[in-house]
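Architecture and fold: a report
Now for the letters of each chain:
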Amino acid sequence: MSAQLALTIAGMQRSVQQGTTGTDLFGEDRTIVAMTVDGQLQDLFREVPGGAVVEPVAIDSVDGLNVLRHSAAHVLAQAVQEVNPQAKLGIGPPITDGFYYDFDVEQPFAPEDLKALEKAMQKIINEGQTFDRRAVTDDAARDELASEPYKLELIGLKSNASEAAEGAEAEVGDGGLTIYDNVHKDGTRAWGDLCRGPHLPSTKLIGNAFKLLRSGGAYWRGSEKNPQLQRIYGTAWPSKTDLKAYLDRLAEAEKRDHRKLGRELDLYSFPDEIGSGLVVFHPKGGVIKREMEDYVRRRHIEEGFDYVGTPHISKAGLFHTSGHLPYYADTMFPPMELEGAEYRLKAMNCPMHNLIFSSRGRSYRELPLRFFEFGSVYRYEKSGVVHGLTRVRGMTQDDSHSYVTAEQAPDEIKHLLSFVLSLLRDFGLDDFYLELSTRETEGDKAAKFIGSNEQWEEATSILERAARETGLDLVDDPGGAAFYGPKISVQAKDAIGRTWQLSTIQYDFNQPERFGLEYQAADGSRKQPVMIHSAKFGSIERFIGVLVEHYAGAFPAWLSPVQVLGVPVAEEYADYLWDVLKQLKGNGVRVELDDSDDRFPKKIRNASKSKVPFVLIAGEDDRAGGAVSFRYRDGSQKNGIPIAQAAAEILSAITERRQV
RNA sequence: GCCGGUGUGGCGCAAUUGGUAGCGCACCUGUCUUGUAAACAGGGGGUUGUCGGUUCGAGUCCGAUCACCGGCUCCA
């Protein structure tokens, strides 16, 4: 007679027979794919122990999705080894919205290969293979996986799997090793992989709600010193509908791609003749850039910044003084010789601002002293990373440096933080979290950070306190600091939920010393100021790219290259409409009249495609009534609006920076 | 920088086994122009990213290079 066990199941006290499995408890509900036993994620087929707290894991929960995607990754690996038995396995964890698996293969995967692999996966899935769990000793695992060199390496590293490689904890954990066998319906073994599990009860649950998305090289264990494997990315969802929704989301992101929209809306381009990563703004993009810069410059001045200007090039010695050159020589443009001196394109503005500070004696009465400019900097970004406006080789930083006394530093940081947040809100971004980047204290990278422990601790705690006071979420980013000090960065979410790192605020105790900056204190002594770096948008180019994607090219009126487009119903009404537009133009509104010889419907089509915020239409009814008609971007309309009222609506939308 | 893919008129695409480049939009001209996403007709425009090679012949094959796309690494 098997004994009864007392358990807590899904919050209820229950008594079950010894030997009861998760499948016995939850198996009838097809949406339950795993369970937690005392908080530990486990396969359903495992027996539940007495006294345990057992909870079902639904396929659409965070854990459930991970199980689904991890199982899909296994099926992918099985398919790859079916097609190519020589393929060696790397790791294959679930990730946000999907999974990947790394393989060492002779021939990298081509796009056509993915289709074939999808088919092979579908076959495995349809067959309804089950995942069997088998505990193995390290030695047994080594024997069994003798032909899998990467798995062997992981076995050796398992005591700290998370450090072995990102995602490696999906394969091995702190405890004993397990191998999961994929088993055919007839009980024979199809395939197996070193894995922690848990997995789905059956491959069938993956259904047809999965897709392989792309492939590419990926360094083993994330280091470029290691060999490069071939990674395949895929996605898997509880239902075909969920998959479709995800693919639609990807399509939506593609439609917003700032490279594509920039071309379509004639905003900017990247001429080959100039070089990779170097952008030119066309007149329409120029309007956006100028509006942004004008506004941001004005706001800085209102907030107590002094607008300064510095050249694009300098003798290399300056960047030695600042300490940048030893660290960043290979990401700066190479030197040029001139009159026996070595010059460098500027990669950062701070050294030049420091020279403005030290151009004369400074008094404590002047502090905080804030220098701001749109500084053009050039960075030799590696060829594979240049990307539209978001990663360029020539860019404009909206860069400022505050020179303050040590006592003023906390308030200055708070001031900067609330200032950058208010600026971002003015541009229509309002969903933020903060990141606190600190130095690495161990490992290879620890050496790059300079300064004493005390300096780092003090600077970090000042930043952290200011960050906490905003009430925003604060995420730690160990090792993410610049070599000279910690930073807060503002991460903003765009209209479709993607986050972008925008503003940064950095506390620098290093450069003031290197430049010998000082001010005279009230008591007559000379003191060293603290320097606080801050970029509001990071780079103007990049921020424009972010805004294009955030707004999908449909900018709020104040930023729109053309704010009002007049479309006469027929040629006869062009003059009347132009009179209306002239009045707006007199008020500083950017207007255009479509006086082309297109027919009316074509003009409406063109107007829609141009994403102009206000389309004003005039025909007989409007002219007779001294009115105009609005057509908005969503296709809705308002007819017969008196001219004065129309002008007021347009002007208020612009001055209030409202989206329409 | 590394791995893979791609490069055809301004844009989006086509060109059978290598046989001397087509289409749509845009552009120009003309006839048109009356209420919300494409009027009609005609016309101009590309030595197929660049350089080199194979071949009687290259947009199609090979090599180099530049650029872009995806992925990795990096990102003061």
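Positions within a chain are numbered from 1, following the residues in the order the chain's sequence is written. Written order determines the labels here, with chains lettered from A and ligands numbered from 1. The predicted nature of this model means local features are confined to residues of pLDDT at least 70 and side-chain atom pairs, given and counted, to a pLDDT of 80 or more, with totals for whole chains, interfaces and linings taken over all residues. Here the side-chain values reflect all heavy atoms present in the structure, with hydrogen atoms and water set aside.

Structural notes on the domain arrangement of chain A
Partitioning chain A into domains gives domain 1 (4-57), domain 2 (62-252), domain 3 (304-549) and domain 4 (564-655). Here the C-alpha centre of domain 2 lies 26 Å away from the C-alpha centre of domain 1. Taken together, the contact between domain 1 and domain 2 spans twelve residues of the former and eleven residues of the latter. Here domain 1 and domain 2 share an interface that buries about 930 Å² over both sides, 64% of which is from carbon and sulfur atoms. It is V33, L41 and D43 in domain 1 that bury the most area against domain 2; as a group they hold 49% of the surface buried on that side. We define a salt bridge as a contact between a side-chain nitrogen of Lys or Arg and a carboxyl oxygen of Asp or Glu at a distance within 4 Å. At the surface where domain 1 touches domain 2, the tally comes to zero salt bridges. The way it works is that DSSP assigns letters per residue, a run of H or I at least four long becomes a helix, a run of E at least two long becomes a strand, and they are numbered from the N terminus. The set of elements that each furnish at least two residues to the side of domain 1 that touches domain 2 consists of β3 (32-37) and β4 (40-42). Polarity classes work like this: nonpolar for Ala, Val, Leu, Ile, Met, Phe, Trp, Tyr, Cys and Pro, charged for Asp, Glu, Lys and Arg, and polar for all others, with Gly in that last group. The residue makeup of the side of domain 1 that touches domain 2, split by class, is seven nonpolar, two polar and three charged. All domain edges in this entry derive from an automatic or database-based domain assignment. Two residues qualify as a contact provided that any one of their heavy atoms is within 4.5 Å of a heavy atom in the partner residue. Buried area: the sum, over both parts, of the accessible surface (1.4 Å probe) that disappears when the two are put together.

So, the nonpolar core
Side-chain atoms within 4.5 Å are what join buried Ala, Val, Leu, Ile, Met, Phe, Trp, Tyr and Cys residues into a set we call a nonpolar core. Any residue under 20% of the maximum accessible area for its type is buried, any over 50% is exposed, and the rest in between are partly exposed; the area is computed with a 1.4 Å probe on protein chains only. Grouped together as the largest cluster of nonpolar side chains are 82 residues, with contacts concentrated most on M292, F427 and L616. Here the element with the most residues in this core is helix α13 (residues 409-426); it accounts for nine residues. The residues that make up this core include at least three from each of domain 3 (304-549) and domain 4 (564-655). If we ignore the near neighbours within four places in the chain, the residues touching F427 are M292, Y295, V296, F537, F543, L547, Y551, W558 and L559. Counting 38 residues, the second-largest nonpolar core is a separate cluster that includes L65, V80, F99 and F109.

A word on the environment of D476
With respect to the element layout, D476 can be found in strand β23 (residues 474-478). Sequence separation between D476 and I206 is 270 residues; the distance between their C-alpha atoms is 35 Å.

Some details on the packing of aromatic side chains
Side-chain rings of Phe, Tyr and Trp (the six-membered ring for Trp) are treated as a pair once their centres are within 6.5 Å; stacked means planes under 30 degrees apart, edge-to-face means over 60, and tilted covers the remaining angles. Scanning all chains against the criterion turns up 32 aromatic pairs. Taken together, a centroid distance of 5.3 Å and an interplanar angle of 70° make the contact between Y295 and W558 edge-to-face. A residue pair is termed long-range when its members are at least 10 positions apart, and Y295 in helix α9 (residues 283-302) and W558 in the loop between α16 (540-551) and β29 (564-568) qualify at 263 residues. The exposure class assigned to W558 is buried, which follows from its relative accessible area of 5%. With centroids separated by 3.8 Å and ring planes inclined at 5°, the aromatic side chains of F537 and F543 adopt a geometry described as stacked. Overall, F537 belongs to the buried group, its relative accessible area being 0%. One aromatic cluster is present, built from ring pairs that chain together Y295, F427, F537, F543 and W558. Sitting over the ring of Y100, R231 keeps its end group 3.7 Å from the ring centre. Over the aromatic face of F305 sits the side chain of R370, whose NZ or CZ is 5.9 Å from the ring centroid. A ring has a charge above it when a Lys NZ or an Arg CZ is no more than 6 Å from the ring centre and no more than 35 degrees off the ring normal.

A word on the protein's contact with RNA strand B
Here a residue counts as near a molecule or strand whenever at least one of its heavy atoms sits within 4 Å of it. Of all residues adjacent to RNA strand B, which total 60 residues, the nearest are Y219, Q228, R259, K602 and R631. Taking T331, its side chain carries an N or O atom lying 2.8 Å from a base nitrogen of RNA strand B. Broken down by secondary-structure element, the contributors of at least two residues to the surface near RNA strand B are β12 (210-219), β13 (228-236), α8 (258-264), α18 (600-610), α19 (620-625), β32 (627-631) and β33 (637-642). Here the surface near RNA strand B gets seven residues from one element, more than from any other, and that element is α18. Residue composition of the surface near RNA strand B, grouped by class: 20 nonpolar, 17 polar and 23 charged. Any N or O atom pair separated by 3.5 Å or less is treated as a polar contact, with the protein-specific requirement of one donor-capable and one acceptor-capable atom, and with residues adjacent in sequence counted only for side-chain atom pairs.

Brief notes about the packing of helix α17 (residues 574-586) against helix α20 (residues 643-655)
α20 packs onto α17 with a crossing angle of 45° between their chain directions and a minimal axis gap of 10 Å. Judged by the inter-axis angle, α17 sits oblique to α20. Here the hand of the crossing between α17 and α20 comes out right-handed. Side by side, α17 and α20 meet where Y576, V580, Q583 and L584 of the first sit next to I643, A647 and I650 of the second. Each residue belonging to the contact of α17 with α20 can be placed in one class, and the counts come to six nonpolar, one polar and no charged. Only the contacting stretch of a helix is used when fitting its axis, a line to C-alpha atoms as for every element, and angles between N-to-C directions run 0 to 180 degrees. Put simply, angles under 35 degrees are roughly parallel, angles over 145 are roughly antiparallel, angles from 65 to 115 are roughly perpendicular, and the rest are oblique. By convention the crossing between two helices is left-handed if the near helix lies anticlockwise of the far one by an angle smaller than a right angle, and right-handed if it lies clockwise.

Examining the sheet that holds strand β19 (residues 341-345)
Strand pairing is defined by DSSP finding a minimum of two bridges between the two strands. What the three strands build is an open sheet, ordered β17-β19-β18; its pairing is antiparallel. Each edge of the sheet is formed by a strand with only one pairing partner; in this case those strands are β17 (313-315) and β18 (336-338). For this sheet the average axis-to-axis angle between neighbouring strands, irrespective of direction, equals 40°.

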